[in-house]
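In case you want the letters, here they are:
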Amino acid sequence: MRSVIIGAFALVISLLLPFTSSIHITPKPNGTLPIQDRYDYIVIGAGIGGLVVANRLSEDPSTSVLVIEAGDLDDRAEDVSVPGNVGFEDPRRYEVKMDIAAQEFLDGKTRVLSQGKAVGGSTIINGLIWTRGSEADFDAWEHLGNPGWGWSGLLPYFQKSERYCMPIRNGSTREVPGCVHPVPGTHGEQGPVKVGYPSYHYNQSYNFLEGIQELGIPANEDCNSGNATGATIAPSSMATKNQSRSDARTAYVDGVLERNNLHLITGYTVTRVLHGNGSTASSNSTHTPGGTGLNITGVEFAVNSTASSAIIACNREVILAAGAVFSPVLLQVSGIGPTELLRRLGVDVAIDLPGVGSNLQDHPTLQPVYEYTAPDLFSAQNIVGKTRDAVRQEYLANRTGPWTAPMVNAVAFTALGWVTDRLQEMLEEAANVTDNLPPSYDGTLRAGYVAQKAELISLLARNDTPAYEVMSTSWGQLAVSAMQPFSRGTIQARSSSFFENSSPFIDPRFCSNPMDCKLLLLALQFNDRLIQTSPMAALIPVPPPGFGIADARNQTALGEAMKKMLTSGLHPSGTTSMLPLNLGGVVDPSLKVYGTRNLRVVDAGIIPLIPGAHIQAAIYAIAEKADNRGTSTNDDGAQGADIIKAENHGTRPNAEPWPRSSLDLQFRSAWKSRGPPPLFSAHYDN
């Protein structure tokens, strides 16, 4: 095995990593933990993108893959795995909270953005909602210069990622409404992610759906068929059989523990992507055959800011999958990004790429609670004390009851033309808004936004693409979220040290384009009408201060209350956009970073235009497309592969044979509590 650089020390035998940091490797008898000094592929981040790509690349046993994740394996505790605990338990040990800059166009105050930090990323802590978006949402990606990324190009990958199950029918609870009838040919049946419905539904979900339809919003039999608008019970990323969370870890890692060519280390942070001739790792590195541009040679990583760093070389590619917040920051501190920012950070410019960290999009969201006060009403908030004990016991014994129900699954996606008679006027207003972009945007980013805005206006004119979403809980929260946001923001590193960017500069600039707030005002006024329908009035809802029936008639007052409450929908995206270079793009349609030979991004950052949906399903599809075993065949009769596999097919780096049993990814052995093994170097003492 070749040596690996750890600070100034070369360990000739192996790189030693502390067992106490949840490194999922069986220690040798002497307590050392071996790891290769080079891999064919290095994947940065174990969220959706990283785990899907690592799983698919390691299907080839001759290919070596390393995944480096800053978080840990979750403990599968009830606050993570039980759908009914979403929103009530706080698994903060698996998340990172970051400050959002003071919002100039709202109330001038900061917000908080939470993201998952664990193997599985945000799928460990999210709300489970499984929606794709409309056919037109993804066709817009293709219109923006990304051939093959429209609905027809992505549908096979949506299908490949999911194992869809029909709702459970039983006599003990009210059945799922008749509006749930999946469209044949649109869902996957053999994919890794289990997608299904709870065995229990709160009565209030039916009041919500009936009230929505009383307002003329139709039911949608399948919101994932390409027509995204209407009222429905949305499926969740949950296993139908045992009624528990299905996340990226359970879907893409737990089933492939026997692969000794797939290695995962946790508790370590990649601090730089290495390139050119400036590192020891470069001398024997290879790159994507036939590629031109900057050669990525490996990565530098460490356990924390005071520990010695290590360098691992890549034979083929580095795949960046750290998410829409940290992927652009890592590019920036590695010398890839806007020249002005890099110089301000004191980072040598390797590639001037203005789009890195720009085009930030999110779904601006409000979460008003119209408290249901009808007598004898049962909601998730009643699951306390002895009731909680009984609900828990039923769930553990039978996998039935309220604990199977996620916080939200009754939703409505509303087309703009359904809720206003000013459709054309609003579209013209949106078209005429100018000078709403960050001053840091250069000409390419501004040109890209012009193209995006044209697509947004076209989407809002349609009846199959939503302007906003309404999400109902059992206790009266009617959250609303703008689905086609016009505002754009930025994410920037604060320092050249990655460890000093645990909370980078994040500014989504909510409502910098006033159209977003106008859409949310429509949504709040819709809520006002909704709670007055006969099905909803039966729940005796009590609006929160500032959002009452009288308030809804005063747009100025309602707008002020809205600006105080508005926050992130937790769907940051677009910061490493898949767009042409002259439109401010960062990656091309093969997800390769412009100007590099062998660096790709596979996470929400590549989304050029955020779809009108919860985005986890789209990220799974992106990652499957980035590295999916396709249906074409190569000359040798083996199955071909899309994007990463296709570009690397038939090439073998000039590297040592892969050791078949150097590491053990049997997580169950690593879970057990043990004292730390003997360590080679005091640099890794905790």
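Please read these numbers as outputs of a predicted model, since none were measured by experiment.

With that out of the way, let us pick up helix α4 (residues 151-161). Three or four residues apart is the spacing at which side chains of an α-helix point the same way, because the helix has 3.6 residues per turn. Among the residues of α4, W151, G153, L154, L155, Y157, F158 and S161 are the ones counted as buried. At its buried positions, α4 is contacted by α3 (135-143), β7 (162-164), β8 (193-195), α6 (248-252) and α17 (616-626).

A separate point is the sheet that holds strand β18 (residues 410-414). Strand order in this open sheet of five strands is β9-β18-β19-β20-β16, and the pairing throughout is antiparallel. Of all strands in the sheet, those with a lone pairing partner are β9 (230-233) and β16 (365-366), marking the two edges. Bridge count between β16 and strand β20 (residues 478-482): two bridges; the pairing is antiparallel. Within β20, the position partnered with L366 by the bridge is V480.

We note that L128 has phi near 80°; this positive angle belongs to a residue other than glycine. Inspection of the secondary structure assignment puts L128 in the loop between β6 (111-116) and α3. Relative accessible area serves as the criterion here: at 1%, L128 is assigned to the buried category.

We now examine the pattern of salt bridges. Under the definition given, this model contains 20 salt bridges. For E624, the salt bridge goes to R56, with nearest N and O atoms at 2.8 Å. Linking E624 in helix α17 with R56 in helix α1 (residues 48-57), this pair joins segments that are 568 residues apart in sequence. Per residue, the accessibility class of E624 equals that of R56, and both read buried. A salt bridge links E429 to R422; its shortest N-O distance comes to 2.8 Å. Residue classification places E429 among the partly exposed residues on the basis of a relative accessible area of 25%.

For G116, the location among the structural elements is in strand β6. The spatial distance from the C-alpha of G116 to the C-alpha of R93 is 9.2 Å, given a sequence separation of 23 residues. Contacts of G116, omitting those with residues within four sequence positions, involve Y94, E95, G121, S122 and I125.

Scoring rules and cut-offs
Residues numbered from 1 in each chain as written. Predicted model: local features only at pLDDT ≥ 70, side-chain atom pairs only at ≥ 80, totals over all residues. Heavy atoms only, no water. Buried < 20%, exposed > 50% of the residue type's maximum accessible area, 1.4 Å probe, protein only. Helix = DSSP H or I, 4+ residues; strand = E, 2+ residues; numbered from the N terminus. Contact = heavy atoms within 4.5 Å. Pairing = 2+ DSSP bridges. Salt bridge = Lys/Arg side-chain N within 4 Å of Asp/Glu carboxyl O.

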